[in-house]
Amino acid sequence: MHKPGRRRERASVPAKGIKLANHVQSLSPDGRKVVVHTLSPEDPSGDGLWPEMFRPTVVDTVTGKQVPISVKGLKIGAFYLADGRLVVRVAGRTHNTLVVLDSSAKELQRLAEPAQARDQGILQIVR
């Protein structure tokens, strides 16, 4: 319980499992998993702009372990929906594909992106 007259202090702490990242795309609804673009020490850190495409890494922020994304193909983005499903963006020749996974990583659906969105970044996915 907060005592009157005492100021509450809040501090941020680094998420386990993420040493270097230049882009946080999405957070799972329970806050346990995060989709990031991780970097190695040799990678350029970029200029902070929103990337059109990136190889997503899902990290469990409690254990610090990477969570495998069970989708074949070149993954170029991922985004958590409010209900816990993960949407993975997979590169294609004429259009990209959005693969929807349930919370246990089982594939639920595949959707073709419009061809004109192929080279654009994703800011949000609306069902």
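Residues numbered from 1 in each chain as written. Predicted model: local features only at pLDDT ≥ 70, side-chain atom pairs only at ≥ 80, totals over all residues. Heavy atoms only, no water.

Points about the sheet that holds strand β6 (residues 86-90)
Strands sit in the order β5-β6-β7-β8 across an open sheet of four strands; the sheet is antiparallel. Pairing within the sheet leaves two strands with one partner each, and these edge strands are β5 (75-80) and β8 (107-112). Neighbour-to-neighbour, the strand axes of the sheet open up by a mean angle of 20 degrees, direction not taken into account. Here five bridges tie β6 to strand β7 (residues 97-101), and the two strands are oriented antiparallel to one another. Bridge pairing links Val87 to Val100 in β7. (Pairing = 2+ DSSP bridges. Helix = DSSP H or I, 4+ residues; strand = E, 2+ residues; numbered from the N terminus. Axes fitted to C-alpha atoms, helices over the stretch in contact; angles between N-to-C directions.)

Topic: the side chain of Thr57
Mapped onto the fold, Thr57 is located in strand β3 (residues 57-60). By relative accessible area, Thr57 is classed as buried at 10%. Beyond its immediate sequence surroundings of up to four residues, Thr57 is in contact with Val34, Val35, Val36, Thr38 and Gln66. (Buried < 20%, exposed > 50% of the residue type's maximum accessible area, 1.4 Å probe, protein only. Contact = heavy atoms within 4.5 Å.)

Here we look at the nonpolar core
Membership of the largest hydrophobic core is limited to 12 residues, which are Val35, Phe54, Val58, Ile69, Val71, Ala78, Tyr80, Leu86, Val88, Val90, Val99 and Leu101. If you list the elements that add at least two residues to this core, you get β5, β6 and β7. Broken down by element, this core gets its largest block of residues, three residues, from β6. Setting aside its immediate chain neighbours within four residues, Tyr80 contacts Ser26, Leu27, Ser28, Pro29, Lys33, Val35, Val58, Arg85 and Leu86. (Core = buried A, V, L, I, M, F, W, Y, C linked by side-chain atoms within 4.5 Å.)

Digging into the pairing of β7
Counting buried residues in β7 gives five out of five residues, a clear majority hidden from the surface. Count of turn residues in the β6/β7 antiparallel hairpin: six residues. For β7 and β8, the ladder comprises five bridges, and the chain directions are antiparallel. What sits directly across from Leu101, in β8, is Glu107.

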